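This is what each chain is made of:
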Amino acid sequence: MWFSPSLILMLISIMSSVFLILSSPSLFISWLGLELNTLAFLPLMLVKKTSMSSEGSVKYFLTQTLASILIIISIVMFFLDLNNVGNSLLLVGLSIKLGAAPFHSWILSVAETLNWPVLFILLTVQKINPLFMLWNFSSYWGNVFDVIIIMSLVVGSLMGLIQTSTRLLMTFSSISHMGWLLISVSFDLWMGVLYFFIYMVVLLPVIMIFNIFNISYINEFFLMNFSLSKQILLFLSILSLGGLPPFLGFLPKWLILQVVVSMGWYFFSLIMILASLFTLFFYLRMTFTAFILGGSSLFETKIFYSLGNLNLFMLSLSILGLPLFLFV
Amino acid sequence: MYRFLTSNICAPSIWSRRINFPVVVPSSSFHEIRKNGYEDKNRKKVSPRQAIRDGLKELKKEIKNWTEEVKEGCTLDPIMGMPLPGEVDMQWCFNESIDFDHWVVTSDSDHNEGYSTSTLSVSPTGKGLFSGNLSTQLVRDGKVKKAGYCNFKSIRPQKSFKRDSFHNWSGYTHLVMRVRGDGRSYMITLGTAGYFDVNWNDQFHFALYTRGGPHWQISKIPFSKFYMTSRGRIQDMQEPMPLNRITSFGITASDKNNGPFRLEIDYVGLELDPSHKETSAYEQYKVPYFYAGY
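Definitions and limits used
- Residues numbered from 1 in each chain as written.
- Chains lettered and ligands numbered in written order.
- Predicted model: local features only at pLDDT ≥ 70, side-chain atom pairs only at ≥ 80, totals over all residues.
- Heavy atoms only, no water.
- Axes fitted to C-alpha atoms, helices over the stretch in contact; angles between N-to-C directions.
- Helix = DSSP H or I, 4+ residues; strand = E, 2+ residues; numbered from the N terminus.
- Parallel < 35°, antiparallel > 145°, perpendicular 65-115°, else oblique.
- Left-handed = near helix turned anticlockwise from the far one by under 90°.
- Contact = heavy atoms within 4.5 Å.
- Nonpolar A, V, L, I, M, F, W, Y, C, P; charged D, E, K, R; others polar.
- Buried area = accessible area lost by both parts, 1.4 Å probe.
- Salt bridge = Lys/Arg side-chain N within 4 Å of Asp/Glu carboxyl O.
- Pairing = 2+ DSSP bridges.
- UniProt positions renumbered as here; feature names shortened; annotations may be inferred.
- Buried < 20%, exposed > 50% of the residue type's maximum accessible area, 1.4 Å probe, protein only.
- Expected span 1.5 Å × (residues − 1).
- Bend = angle between axes of the 7 residues up to and from the residue.
- Phe/Tyr/Trp six-rings, centres within 6.5 Å; stacked < 30°, edge-to-face > 60°.
- Lys NZ or Arg CZ within 6 Å of the ring centre and 35° of its normal.
- Patch = residues over 30% accessible without salt bridge, like charges linked within 9 Å, V, L, I, M, F, W, Y side chains within 5 Å.
- Areas by Shrake-Rupley, 256 points an atom, 1.4 Å probe, with all protein chains shown as cover.
- Lys, Arg positive; Asp, Glu negative; His and termini not counted.
- Charge placed at Lys NZ, Arg CZ, Asp CG, Glu CD.
- pLDDT = per-residue confidence, 0-100.

> Is there a simple way to think about the packing of helix α4 (residues 83-98) of chain A against helix α7 (residues 125-136) of chain A in this case?
The relative placement of two packed helices is expressed as an angle between their axes plus a distance between the axes. Residues and elements named next belong to chain A. Two elements in contact, α4 and α7, have axes separated by 9 Å at closest approach and are oriented at 155°. Here α7 runs roughly antiparallel to α4, going by the angle between their axes. Crossing angle aside, the handedness with which α4 passes α7 is left-handed. On α7, the residues that touch Leu91, Leu94, Lys97 and Leu98 of α4 are Lys127, Pro130, Leu131, Met133 and Leu134. Classifying every residue of the contact of α4 with α7 by side-chain character gives seven nonpolar, no polar and two charged.

Set out below in structure tokens:
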């Protein structure tokens, strides 16, 4: 089904759902956009017809439907003038849609069943709609929102320490980034947009390379047979994803941290810094594992791949793009 | 009302389809119906009070298991558990200290469907021995059409509080077995029960060909060669084995030859061979778009 007309229809439907939500005048139309998004994403998950992908798609459908039911009930609560109940249900529904902790279990079991391009869409494009809706209602939530942010940061960073599957590592890093995104969205939409686009730019080349070489576990890095100088670019890009200066991934974290500290939210800033240290540790561990296990050549590699221009451009952007702060 | 409907209206349609398990699960049942296997007719009915007492006896042990799991999760470095190329990581070692509670041995005579017998014991050389007598003779009850199988398999691993778990063999490429057979062919079965009941009976099979004779053989079988079946029927759409979700390992003797069989097993292990890139040896052709079922 790859590059078939059906796939293009699904991708256009997902983009349409994003535009629908961005331009929706009411919560009901936004819910319609969320449903269209779920509907169009399911065939993408089923490109490879295996029992694992079927299982992942059913789990995805059930959890997203539950979240949509909560959102519809919250709409009814708003209609009945029960705003507190409606706000709580809306927050829970959108958090389930996002895969934010403590509602993150589904995204882990679904991520294991996906191929890399579809996983990239799940971790990036599928977050746009709920994040935009959260931004619209961010002033109405109090402590529950803060709990979700802190749990996402902590769970995403600590649980990633015991993983060896690269898919789960990327998913846990996404949950941790989700905490940062939720904070940025509660301050200013443009900060959230900037964080989101930088996250996409840095994540894309990493996932493209994992897809080309079919890397599923961190002990498979030595199987990547392209030149070592470009492998270093890949691992520097992974560290950029972890927010290490002087790479591009540090820029959004720097901006958000600056705003959080200037607002006097010191506890939040402490949690954010600690969580980013843990995430950086497991990115570093990926890098060390690759270089330590890849030292010895186990077999002669006669085929030597070269990365495409797009890959190289995006890798260099994620490493050298920090001066973009001059334009922010 | 619900029980009345399910027992009196739905039940006749179930009987006509010759389904032995309740298709509509009663809402008061806690345990999920297995949807395969045989019903335990000798199962004793325990009163709820006795069941609670039995459960509380095991509570202390399960809490201890849970704390050990949490400690292991916090202290274990996952890198140390990663497979290294060329090394064989032993999963099961068959010697004089085999725990027979971890293995289930079955044959067709267990439920009066045949006359085969089998045992799992310790061989005179101190290794595991799967032996018995295979018989394809049919039982004259009018129901059995085929007979003659003997099988032993591992029980499903469990975490604390009796939660079903999996063997995580991700990262490995080959199954390695050191065996000494009798020249017969056996079937290796790897259970890969899924989350939903549609996939509970999914298994992967491959043949174990033995040489016989006094010498041991090391069989190294790639996981990509295993083919998928569901309830014994080979599936049209094959797929790579989900190595992170293995539920059981078993060996079956059912090669339609009457007579005694004898398979000595030293160990069952796993190996990572980096030069093996194949994920599935079957169904590799690509069909054009819009073909039904693909």
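> Would you take a moment to explain the interface of chain A and chain B for this structure?
A common way to state how big an interface is: give the accessible area lost once the parts meet. Counting from both sides, the interface comprises 28 residues of chain A and, opposite them, 27 residues of chain B. Together, the buried faces of chain A and chain B total about 2200 Å²; carbon and sulfur atoms form 66% of this surface. On the chain A side of the interface with chain B, the three residues burying the most area are Lys49(A), Glu55(A) and Asn219(A), jointly 23% of the side's total. At the boundary of chain A and chain B, one finds one salt bridge. Note that Arg245(B) is salt-bridged to Glu55(A), the shortest N-O span being 2.8 Å. Going through the elements one at a time, α1 (5-22), α3 (51-79) and α13 (266-293) of chain A are the ones with two or more residues in the side of chain A that touches chain B. With five residues, α3(A) is the single largest residue contributor to the side of chain A that touches chain B. Across the side of chain A that touches chain B, the residue classes break down as 15 nonpolar, eight polar and five charged.

> Where do I start with the sheet that holds strand β11 (residues 233-234) of chain B in this structure?
Sheet strands associate in pairs through backbone hydrogen bonding, adopting either a parallel or an antiparallel arrangement. Residue and element names in this part refer to chain B. Strand order in the open sheet formed by seven strands is β2-β5-β12-β7-β8-β10-β11, and the pairing between neighbours is antiparallel. Every interior strand has two partners, whereas the edge strands, β2 (103-107) and β11, have only one. Bridge analysis of β2 against strand β5 (residues 150-154) gives five bridges, and the strand direction is antiparallel. In the strand pairing of β5, Ser107 is matched with Cys150.

> What exactly am I supposed to notice about the UniProt feature "coiled-coil region" (unreviewed entry) in chain B here?
The UniProt record annotates "coiled-coil region" (unreviewed entry) at residues 49-76 of chain B. Annotation note: span residues 49-76 of chain B, helix share 96%, strand share 0%, distance between end C-alpha atoms 40 Å.

> It is not clear to me how the environment of Phe120(A) should be interpreted in this structure. Could you clarify?
All names here are of chain A. Structurally, the position occupied by Phe120 is in helix α6 (residues 116-123). According to the relative accessible area criterion, Phe120 is buried, its value standing at 11%. Measuring from C-alpha to C-alpha, the distance between Phe120 and Gly33 comes to 20 Å, with 87 residues separating the pair along the chain. Those residues in contact with Phe120, other than ones at most four positions away along the chain, are Val125, Met200, Leu203, Leu204 and Ile207.

> Help me understand the environment of Val110(A) in this model?
All names here are of chain A. With respect to the helices, strands and loops of the structure, Val110 is situated in helix α5 (residues 105-111). Residue classification places Val110 among the buried positions, given a relative accessible area of 0%. Distance in space between the C-alpha atoms of Val110 and Tyr60 is 6.6 Å, their sequence separation being 50 residues. Val110 has contacts with Met45, Gly56, Lys59, Tyr60 and Leu122, leaving out every residue within four places of it along the chain.

> Where do I start with helix α10 (residues 189-212) of chain A in this structure?
In an α-helix, one full turn covers 3.6 residues, which means residues spaced three or four apart are oriented alike. With 24 residues, α10(A) should reach 34 Å at 1.5 Å per residue; the first-to-last C-alpha distance of 34 Å fits that figure. Leu203(A) marks where α10(A) bends most, by close to 25°; the proline Pro205(A) follows one to four residues later.

> What am I meant to see in the packing of aromatic side chains here?
Two measures describe an aromatic ring pair: the distance that separates the ring centres and the angle between the ring planes. Scanning all chains against the criterion turns up 24 aromatic pairs over all chains. Consider the rings of Phe94(B) and Phe152(B), whose centres lie 6.4 Å apart with planes at 90°: the pair is edge-to-face. Taken as a pair, Phe94(B) in the loop between β1 (88-93) and β2 and Phe152(B) in strand β5 lie far apart in primary sequence, 58 residues in all. Through a chain of ring-to-ring contacts, the aromatic side chains of Trp92(B), Phe94(B), Trp103(B), Phe130(B), Phe152(B), Trp169(B), Tyr186(B), Phe206(B), Phe223(B), Phe226(B), Phe249(B) and Phe261(B) assemble into a single cluster. Just above the ring of Tyr195(B) sits the side chain of Lys59(A); from NZ or CZ to the centre is 4.4 Å. Here Arg156(B) stacks its cationic end above the ring of Phe166(B), 4.9 Å away from the centre of that ring.

> Explanation requested: a positive patch on the surface in the structure shown.
Residues and elements named next belong to chain B. On the surface, Lys146, Arg231, Arg233 and Lys256 cluster together into a positively charged patch. Positionally, Lys256 belongs in the loop between β12 (248-253) and β13 (259-271). By relative accessible area, which is 70% here, Lys256 ends up exposed.

> Is there a simple way to think about the confidence of the model for chain B in this case?
Regions with low pLDDT carry predicted coordinates that are not meant to be interpreted in detail. All names here are of chain B. The predicted model of chain B has a mean per-residue pLDDT of 86, with 88% of residues at 70 or higher. Put simply, helix α1 (residues 2-16) is where chain B has its lowest mean pLDDT, 51, and strand β7 (residues 185-191) is where it has its highest, 97. Here residues 12-16 scores under 50 on pLDDT; set against residues more than four positions off or in separate chains, the count is three contacts.

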